[in-house]
Structures are given as C-alpha cells and as structure tokens.
Amino acid sequence: MGKTARCIKIVQILSTREIVNTKELALVLETNPRNIKEYIKELEECGYIIYSITGKNGGYKLDKSETIPSLKLTLSEKMVLQEGTQFLRDSNYLNQNAFDEAIGKIFSSISLTEITPTSILERYPLKMPKNELQKRYVILKDAIDNQLICKILYNNSKDEQKSHIIEPYKLYAYNGNWFVLAYNESINEFGYFKLNRIEKIESTRNHFTRMKSYDEKDYLDEFGMIQNGEYYNIKVELTDLYQVISERIYGKNQKIEKIDDHKSILECSMQNKEMIKSFILSFGKKAKVISPDWLIEEINDEIKIMNENYGDIND
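Residues numbered from 1 in each chain as written. Predicted model: local features only at pLDDT ≥ 70, side-chain atom pairs only at ≥ 80, totals over all residues. Heavy atoms only, no water.

**Student:** What is the right way to read the pattern of salt bridges from this model?
**Tutor:** Here the structure, examined in full by the defined rule, presents 14 salt bridges. Ionic pairing is found between Glu 24 and Arg 17, a salt bridge with its closest N-O pair at 3.0 Å. Exposure remark for Glu 24: the relative accessible area of 32% places this residue in the partly exposed category. The exposure class assigned to Arg 17 is partly exposed, which follows from its relative accessible area of 25%. Glu 160 serves as the salt-bridge partner of Lys 162, at 4.0 Å between the closest nitrogen and oxygen. For Lys 162, a relative accessible area of 44% puts it in the partly exposed group. We classify Glu 160 as partly exposed; its relative accessible area is 34%. Here the residues in one salt-bridge network are Glu 274, Lys 277, Glu 298 and Glu 302, joined through shared partners. (Salt bridge = Lys/Arg side-chain N within 4 Å of Asp/Glu carboxyl O. Buried < 20%, exposed > 50% of the residue type's maximum accessible area, 1.4 Å probe, protein only.)

Right, here's the structure in full:
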C-alpha cells in the first residue's frame, strides 16, 4: 500500500470514528506508527482539517464538515447510515472492522456535521471481552463456510461444562447474544449454542456433509429459536404498564387489551418455562398471572422462597 492509498484510508477511518489513536491507524495501515504523522501532514496540505487530541484517550479527529461532498444523500439518509453504524458498534457486531472500512468509503465523501451522534446503551453488556467472542465467531464462520466439524467445551445454563462435537450451520444474533445453530454429533440432534458460553473451541479440519433434510425454518423464525421449548399461552393482568407493553412483541399471537386507565391484559404464546417465569417476575407487583395454572403455582412458589430468603420484615 503506497502513501496515497494510506492517506485515503486514514480519511475513511476518521470519517467513521470520532477519535482514532496513532497505534490503531498504524495497525490498520500496516505501517510504523512514526509514519502516521507524515500522512496526517499530507492530508492537511490537501485541505483536510485534522485535530490532534492529547491525553490518555487522545488521537486524531477529522473535521467532517470539510470532507469532499460527492454523494447526494438526503439528511434522513445520512442519519440512517450514521445511526446504523453506531448501532452495530454498540451492539457487539462481530464484523465491525470490515463494516467500518466499507462505510468509511461513503462517509469520507459526505458531510455529517448536521447529524447529532447517537449512542445506544446496553443495559447488561457481556462479561466476555469482544475479542474473545470474535475468535469464536471467526472459527465458526470458517467452519460453516468450509463445512468443518468443531470440538467445543460448553457451559450450559445449569453451569455444567460438557464437551460436544458439532457441525455448525448458521451464526445469528438473538436478544443481544450471538448463537450458532449446529448439529450436535454427541446427541445426534440440532441445538443452539451461545458463543459466550463456549469455553474452548477447535476446528478439527474434518469435513461434514450438510443434511439434505435441513431447513432453517424448522429452527429459527421471527420470534427466535423454534425448538427452544414448548410454546405456552399466557394471560397476564398488568398495572400502569400499557405503554411499556405496547412497545414490543413478546410472543406469538400477541394481544393487548386496555381495561381502564390503569389495568391492561397481555395475551401471547411464549417459550421456555423459566424464561416466562422470569418475564413475569421482572414486573414485580404490577403483574398478576391469570393463566395458565402452572405459571400461577410457580410464581407463588417463587414468592414463598423469596419470603424465606428475606425473612419477616418485622424481625
């Protein structure tokens, strides 16, 4: 990569980020960090305004108002691109570097000064570092593309660590988590595996043949993972939560009925008893289960255990 190509690349990178330090730029450009200052000077001589930010979180910042406008995008189109880029960055998108490089080619030719940067806050971010998650993703992506069998050491929801031999078919994101849908040779069934629960992973380089009978629709749909447990019809009375509940779809065949200014009824079909119970308990005293009976019993049992845990408040 020559000097001109590296200068153009710097503009593309700075167009997608607020501040980028010398080390990051040198890594992407595959050059010595000492050369970055020279490239920045070249760009400044060409008319670009680039600020040098000092301090621990410092680096270079491009004045985006001075980038060369060549794409005739509307303000709403620019906002969609900017918000989408920020959403992916804040949502643990595992191909972010490749996306930034592609979108940088667009951002480097348009002005973004009229757009207010967006920020998406994740309430409960994953404990696993993103680079570790990326390693698992890369191995599995290669295994899917080349039909390679993998060995994994997996921590299940019961905190049990087990070894599995899997044939990976699809990577996908669900509720802020990355999963792989794979045929589990250990039990001769398809299953879902969370990437952040994979303790160890190894590509065996042994090939597998995709099943002709495999149909993705048998395992995934718009509501999530089809074979993640039986569907149960639930009916819940909610207090002062109509607006909150109306903002999302929680299950199949969802119906929300407003009874009065305070009470509303939510009906839908949801999977996995434990997840359903956690969903109800998350609303505390504002939720009252009408049906099914098993859910009422389990919520009552949970409340009894909680009372035992905290004891008599008058003690």
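**Student:** Sorry, what's going on with the environment of Tyr 60 here?
**Tutor:** Secondary-structure assignment places Tyr 60 in strand E2 (residues 59-62). Residue Tyr 60 is classed as buried on the basis of its relative accessible area of 11%. Between the C-alpha atoms of Tyr 60 and Ile 10, which are 50 residues apart in sequence, the distance is 9.8 Å. Sequence-distant contacts of Tyr 60, defined by excluding residues within four places in its chain, comprise Leu 14, Glu 18, Ile 19, Val 20, Thr 22, Leu 25, Ile 36, Lys 37, Ile 40, Ile 50, Tyr 51 and Ser 52. (Helix = DSSP H or I, 4+ residues; strand = E, 2+ residues; numbered from the N terminus. Contact = heavy atoms within 4.5 Å.)

**Student:** Got a minute to help me understand helix H2 (residues 22-29) in this structure?
**Tutor:** Helical periodicity: at 3.6 residues per turn, an α-helix aligns residues three or four positions apart in one direction. Listed in full, the buried residues belonging to H2 are Leu 25, Ala 26 and Leu 29. Down the axis of H2, the sector holding all buried residues measures 100°, keeping them to one side. With respect to the buried face of H2, the exposed residues turned more than 90 degrees away are Lys 23 and Leu 27. Residue Asn 21 occupies the N-cap position of H2, its side-chain oxygen lying 3.1 Å from the main-chain nitrogen of Lys 23. A positive backbone phi angle near 55° is found at Glu 30, which sits one or two residues after H2. (Arc of directions from axis to C-beta. Polar contact = N/O pair within 3.5 Å; in protein donor to acceptor, adjacent residues only side chain to side chain.)

**Student:** I would appreciate a short explanation of the nonpolar core in the present structure.
**Tutor:** Core analysis: the largest hydrophobic core is formed by 20 residues, its most contacted members being Leu 140, Ile 152, Ile 166, Leu 171, Trp 178, Phe 193 and Leu 195. Mapped onto this core, the elements with two or more residues apiece are helix H6 (130-146), strand E3 (148-155), strand E4 (161-174), strand E5 (177-184) and strand E7 (198-207). Among the elements that take part in this core, H6 stands out by supplying five residues, more than any other. In this structure, Ile 152 is in contact with Lys 162, Ser 163, His 164, Ile 166, Phe 193, Ile 198, Lys 200 and Ile 201, ignoring residues within four places of it in sequence. By size, the runner-up hydrophobic cluster in this structure holds 18 residues, among which are Cys 268, Phe 279, Phe 283 and Ala 287. (Core = buried A, V, L, I, M, F, W, Y, C linked by side-chain atoms within 4.5 Å.)

**Student:** Before we go on, may I ask you to explain the sheet that holds strand E10 (residues 231-239) in this structure?
**Tutor:** Here we have four strands laid out as an open sheet, ordered E11-E12-E10-E13, and antiparallel in their pairing. In this open sheet, the two edge strands, each paired with only one partner strand, are strand E11 (252-258) and strand E13 (287-291). Going from strand to strand, the sheet's axes swing by 25° on average, the running direction of each strand aside. Strands E10, strand E12 (263-271) and E13 of the sheet are contacted by helix H8 (residues 273-281), whose axis makes an angle of about 160° with E12. (Pairing = 2+ DSSP bridges. Axes fitted to C-alpha atoms, helices over the stretch in contact; angles between N-to-C directions.)

**Student:** How should the side chain of Arg 6 be read in this particular structure?
**Tutor:** Mapped onto the secondary structure, Arg 6 falls in helix H1 (residues 3-16). With no salt bridge to any partner, buried Arg 6 finds its closest opposite charge in Glu 30, at an N-O distance of 5.9 Å. (Lys, Arg positive; Asp, Glu negative; His and termini not counted.)

**Student:** Where do I start with the sheet that holds E7 in this structure?
**Tutor:** In any sheet, the strands associate via hydrogen bonds between backbone groups, in a parallel or an antiparallel arrangement. One open sheet holds the five strands; their spatial order is E6-E5-E4-E3-E7, and the pairing between them is antiparallel. Because the sheet does not close on itself, it has two edges, and the strands there are strand E6 (189-194) and E7. Averaged over all pairs of adjacent strands, the angle between strand axes in this sheet comes to 45°, irrespective of strand direction. Here E3 pairs with E7 via six bridges, running antiparallel. Following the sheet pairing, Cys 150 is matched in E7 by Ser 203. Its contacts with the sheet put H6 on E3, E4, E5 and E7, and the angle it makes with E4 is roughly 85°.

**Student:** Would you take a moment to explain the pairing of E10 for this structure?
**Tutor:** Both faces of the sheet carry side chains from a regular strand, because those side chains alternate between them. Both E10 and E12 contribute to a ladder of nine bridges, which runs antiparallel. Bridging across to E12, Glu 237 finds its partner in Ile 265. When E10 meets E13, the two strands line up antiparallel, connected through four bridges. Following the sheet pairing, Glu 237 is matched in E13 by Lys 288.

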